[in-house]
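# Examination of the molecular architecture
Listed below, chain by chain, are the residues.
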Amino acid sequence: MKIIEGKLRLNGDERVAIINARFNHIITDRLVEGAKDAFIRHGGDEEKLSLILVPGAFEIPFALQKACESGKFDAICCVGAVIRGSTPHFDYVSAEMTKGIANVTLKYGLPVSFGVLTTDSIEQAIERAGSKVGNKGFEAMTGVIEMLNLYSNLKG
């Protein structure tokens, strides 16, 4: 049986974007640091890494669509943090952002990773942005690196 899978390595010529929701920036700044670290550690050229900033998680799908349409990127890593409050706003933002990212990903066929935290508390977000549970930005970038490599293996 032939196994086709992606490896965690970049050639250094891949053009990758991080789309970051600035809302909850104390958390999301750490996710960006983790994503950038993963990109560089796995052979990426920092000059080929772009950071696209949007106001909040709800705006990520629109920026993702425009980035995919631009043809400037080989893959995109989405990060952000939606933290539950005392109103249903969390549910609406989380659901629509998730659906939007999935729809754009399927439409354009580029490797896209989902590193947006959806947590019940600020403490849970902090744990996932580099403390107890690791850095989900780092994990999202490694996922997109693996998918980039897999896509190239499936093409040729």
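Residues numbered from 1 in each chain as written. Predicted model: local features only at pLDDT ≥ 70, side-chain atom pairs only at ≥ 80, totals over all residues. Heavy atoms only, no water.

Once the charged atoms of two side chains with opposite charge are near each other, the side chains can pair. Tallying each qualifying case throughout the model produces 12 salt bridges. Linking E46 and K36 is a salt bridge whose minimum nitrogen-to-oxygen distance equals 3.0 Å. Separated by 10 residues along the polypeptide, E46 in the loop between α1 (25-41) and β2 (49-54) and K36 in helix α1 bring together distant segments of the chain. Look at E46 and you get partly exposed, because its relative accessible area is 43%. Residue classification places K36 among the partly exposed positions, given a relative accessible area of 34%. Of the charged contacts in the structure, one is a salt bridge between R41 and D37, with a shortest N-O distance of 2.7 Å. One end of the pair, R41, and the other, D37, are both in helix α1, 4 residues apart, so they sit about a helical turn from each other. The class for R41 is exposed, based on a relative accessible area of 62%. (Salt bridge = Lys/Arg side-chain N within 4 Å of Asp/Glu carboxyl O. Helix = DSSP H or I, 4+ residues; strand = E, 2+ residues; numbered from the N terminus. Buried < 20%, exposed > 50% of the residue type's maximum accessible area, 1.4 Å probe, protein only.)

Examined against the element boundaries, A75 turns out to sit in strand β3 (residues 75-83). Of the residues examined, A75 reaches a relative accessible area of 0% and is grouped as buried. When the C-alpha atoms of A75 and N103 are compared, they prove to be 15 Å apart, with 28 residues separating the residues in sequence. Apart from the residues lying within four places of it in its own chain, the contact partners of A75 are R15, V16, A17, P111, V144 and L148. (Contact = heavy atoms within 4.5 Å.)

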